[in-house]
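Chain by chain, the residues run as shown.
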Amino acid sequence: MTDHHDDQQEPRPAFGQWLMTQKDRTDLGGQLAIGAVADRRFPRNGDPEAVRRRGLQIV
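Here's the deal with the pattern of salt bridges
Across all of its chains, the model carries four salt bridges by this definition. For Glu49, the salt bridge goes to Arg53, with nearest N and O atoms at 3.9 Å. You can see Glu49 and its partner Arg53 sitting in helix H3 (residues 48-57), four residues apart, about one turn around the helix. Residue class for Glu49 comes out partly exposed when judged on its relative accessible area of 34%. Sharing partners across several salt bridges, the network here consists of Glu49, Arg52 and Arg53.

Spelled out as structure tokens, the structure:
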């Protein structure tokens, strides 16, 4: 029997980092990721709220 504990799981990357890994997708998420990679001010270590705020700044 395997004992799974939450404290033994690898930490999740920040939302901004995760989003940038999605650049090969063919949907809106992929388009957002491409823009994030190109944006020097994109909050790479940001949470979803930080990413949303950045999106509002560039619109």
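Some thoughts on the confidence of the model for the chain
Parts of the prediction with low pLDDT should not have their coordinates interpreted in detail. Here the chain averages 91 in pLDDT, and 88% of its residues register 70 or above. Averaged pLDDT values over the elements of the chain bottom out at 96 in H3 and peak at 98 in helix H1 (residues 15-20).

Looking at the environment of Gln22
Position of Gln22 relative to the elements: it lies in the loop between H1 and helix H2 (28-38). By relative accessible area, Gln22 is classed as buried at 16%. Note: C-alpha distance between Gln22 and Ile34 (12 residues apart in sequence) is 8.1 Å. Here Gln22 is in contact with Gly29, Gly30 and Ala33, once residues within four sequence places are set aside.

Focus: the layout of surface pockets
By volume, the largest pocket amounts to about 200 Å³. Looking at the largest pocket, the residues that line it are Phe15, Leu19, Gln31, Leu32, Gly35, Ala36, Asp39, Phe42, Val51, Arg54, Gly55 and Ile58. Mapped by element, the contributors of at least two residues to the lining of the largest pocket are H1, H2 and H3. Considering every element that reaches the lining of the largest pocket, the biggest residue donor is H2, with four residues. Taken together, the residues of the lining of the largest pocket break down into seven nonpolar, three polar and two charged.

Cut-offs applied
- Once a new chain begins, its residue numbering starts again from 1 and follows that chain's sequence as written.
- Side-chain atom pairs in this predicted model are given and counted only at pLDDT of 80 or more, local residue features only at pLDDT of at least 70, and totals for whole chains, interfaces and linings cover all residues.
- By convention in this description, side-chain values take in all heavy atoms of the structure and omit both hydrogens and water.
- By definition, a salt bridge exists where a carboxyl oxygen of Asp or Glu is found within 4 Å of a side-chain nitrogen of Lys or Arg.
- Every helix listed is a DSSP run of H or I at least four residues long, and every strand listed is a run of E at least two residues long, numbered separately from the N terminus.
- Burial classes: relative accessible area under 20% of the type maximum marks a residue as buried, over 50% as exposed, and values in between as partly exposed (1.4 Å probe, protein chains only).
- The predictor reports its confidence for every residue as pLDDT, a score running from 0 up to 100.
- Should any heavy atoms of two residues lie within 4.5 Å, those residues are considered in contact.
- Here a cavity means grid points, on a 1 Å grid over the protein atoms only, where a 1.4 Å probe fits yet cannot get out; a pocket means an open set of points with protein on both sides within 12 Å along at least five of seven lines; lining residues are those with an atom within 4 Å of a point.
- Grid points are joined across faces, edges and corners, and a volume is the space filled by probe spheres set on the points.
- Residues are grouped as follows: Ala, Val, Leu, Ile, Met, Phe, Trp, Tyr, Cys and Pro are nonpolar; Asp, Glu, Lys and Arg are charged; every other residue, Gly included, is polar.

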